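# Structural characterization, general
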Amino acid sequence: MTRPKVCAVAADAVFDGSALHRHAAVRIEDDSITWIGSRGALPVGISLHELPDRHWLAPGFIDTQVNGGGDVLFNDDPHPAALARIVAAHRRYGTTGLMATLISDTAEKMRAALNAVQNFPGHGVLGIHFEGPFLSQSKPGVHDPTHLRLPSGEDLELFVSPSPILKLITLAPEQVPRGFIAELVKAGTRVSLGHSMASYDETKTAIEEGLTGFTHLFNAMRPLSARDPGPIAAALECPAAWFGMIVDGLHVDPAMLRLALRGKARPMLVTDAMPPVGGGQREFSLFQRRVRVQGEACLDATGTLAGTALDMSAAVRNCVRFLDVPLTTALSYASFEPATFLGLGDRLGRLAPGYRADMVAFEPNEVRVDGTWIAGIWDACPAGAIAR
Ligand SMILES: [Zn+2]
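Quick notes on the rules
Throughout, a residue's number is its position along its own chain's written sequence, starting from 1. Local features in a predicted model are, by the rule used here, given only for residues with pLDDT of at least 70; side-chain atom pairs are given and counted only at 80 or more, and totals for whole chains, interfaces and linings are based on all residues. Water and hydrogen atoms play no part in the side-chain values, which are based on all heavy atoms of the structure. Every helix listed is a DSSP run of H or I at least four residues long, and every strand listed is a run of E at least two residues long, numbered separately from the N terminus. Radius of gyration means the value over C-alpha atoms here, while the globule rule gives 2.2 Å times the residue count to the 0.38 power. Relative accessible area decides the class of each residue, using a 1.4 Å probe on protein chains only: under 20% of the type maximum gives buried, over 50% gives exposed, and in between gives partly exposed. Any two residues whose heavy atoms approach within 4.5 Å at even a single point are treated as in contact. Note on areas: Shrake-Rupley with a 1.4 Å probe; residue coverage comes only from the protein chains shown. Two residue types count as positive, namely Lys and Arg, and two as negative, namely Asp and Glu; His and chain ends fall outside the count. For this purpose, a charge sits on NZ of Lys, CZ of Arg, CG of Asp or CD of Glu. Between any two strands, pairing holds if DSSP finds at least two bridges. Where helices are involved, their axes are fitted lines through C-alpha atoms of the stretch in contact, as for all axes, and angles between N-to-C directions lie from 0 to 180°. Any N, O or S atom lying within 2.8 Å of the metal counts as a donor, and for Na, K and Ca the limit rises to 3.2 Å; water is left out, so some sites can look incomplete.

Per the secondary structure count, the protein chain includes 10 helices and 22 strands. Relative to its length of 388 residues, the protein chain is compact, with a C-alpha radius of gyration of 20 Å against a globular reference of 21 Å. Once the C-alpha set of the protein chain is aligned to its principal axes, its extents read approximately 60 × 40 × 40 Å. Taking all 388 residues of the protein chain together, the buried fraction comes to 58%. Restricting to contacts in the protein chain with at least 6 residues of sequence separation, those with at least 24 account for 67%. Counting every atom, the protein chain has about 14800 Å² of accessible surface; 51% of that belongs to carbon and sulfur. Here the protein chain contributes 35 positively and 41 negatively charged side chains, and the mean placements of these two sets differ by 3 Å.

Structure representation (structure tokens):
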């Protein structure tokens, strides 16, 4: 795909990550945004991409938890070509940056996954998210319990060794030694609590060590309870923490998510997506277990939720419908907040001069995606890829 060195995109509504601009335009030079302002102020003759009437332009979606897409499970195929299929599958639904997520697996698989992300040639993969393997045996979800373990010296090396790629790990604080989280954070790895039975106090200690994330809040963690507040209360009291929300109407009752939004922590929409997103298969296998798709749910034979078939455009739409938040707020949960959580808030998650031109164009009522730009390169959404 080619495009002129300088071009502009105009829309009836441009959401810049915090404010909505009517009849506005964004000027792009190479891969970056150089200006945002009134459509009427654009120079005559500039190459212009105009969105259809009433359609919106917003920062591209950033998904910090993507296990698969396009009929590929990252655990099964931790290679750059497989990642390209996953990225393409999610791009159809507005995602312009994702964290390739590896479910608890062997040390060898973890190294292969890290290499795959390191060697991924495009821009759509922001880094790697290791979901596990230092998780609670009491809250495995669909993780294979045989892969859950305590960290070894070799594991520590993987997380603290210098690397050009962004690393995020979901762990259970009660499964790692005191000081482990601090060491990871010092090395630049982001740490999120998940699949954990940590108490309120253990969670507070983890936050003091530098933990800043909570993976799919409410699911696979000690529940919120009258005399046992656990990690959920600790999360919602912390203004310096972000929590992942799966807004599919299945993983968490919307009333609980509305409650979470009244806390001090910062929400991010995640999909926790499995291979069916942007793929054609309605069944896949996860550690030798068959998982079937029913609506946006992925269920194993025992009825346990095994990730989702949710895409980001549906997550944004559900966020507006189920959680009573304005579309602009839902959009910030899908871009600005995850960008900031990942430490990329100075270059992604906003439409502003100096930011990379990662953008999504969509019809706002159904959040139906027209197409996306990644680093200034437009890709139309293929026909039939509209949100379900
Ligand atoms: Zn999980």
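It is worth spelling out the sheet that holds strand β19 (residues 305–308) at this point. With respect to topology, four strands assemble into an open sheet ordered β16-β17-β18-β19, the strand pairing being antiparallel. Whereas interior strands pair on both sides, the edge strands pair on one side only; in this sheet they are β16 (283–286) and β19. Within the sheet, the average angular offset between the axes of one strand and its neighbour, ignoring direction, is 30°. Across two bridges, the pairing between strand β18 (residues 297–300) and β19 is antiparallel. Bridging across to β19, Ala-297 finds its partner in Thr-308.

The next thing to look at is the pairing of strand β21 (residues 368–374). The element β21 is extensively covered by neighbouring structure, given that five of its seven residues are classed as buried. Pairing of strand β20 (residues 359–363) with β21, which is carried by five bridges, proceeds in the antiparallel orientation. Bridge pairing in β21 links Ala-361 to Gly-371. Here β20 hands over to β21 after four residues, with Val-367 in that stretch at a positive phi of 50°. Once β21 ends, the chain turns through two residues before running back antiparallel as strand β22 (residues 377–380), passing Ala-375 with a positive phi of about 50°.

It is worth spelling out the sheet that holds strand β14 (residues 242–245) at this point. The sheet built from eight strands is open, its strands ordered β6-β9-β10-β11-β12-β13-β14-β15 with parallel pairing. The open sheet has two edge strands, β6 (61–66) and β15 (266–269), and neither has a second partner. Two strands pair when backbone bridges link them, and β14 and β15 are joined in this way by four bridges, in the parallel orientation. Directly across from Gly-244, in β15, lies its bridge partner Met-268.

We now examine the coordination of the zinc ion. The zinc ion binds to the protein through Glu-131 (OE), His-195 (NE2) and His-216 (NE2); the donor distances cover 2.0 to 2.2 Å. The sequence pattern formed by the donor residues of the zinc ion is E-x63-H-x20-H. A residue pair is termed long-range when its members are at least 10 positions apart, and His-195 in the loop between β12 (190–193) and α5 (200–209) and His-216 in the loop between β13 (213–214) and α6 (230–236) qualify at 21 residues. Accessibility classification places His-195 together with His-216 in one group, the buried group.

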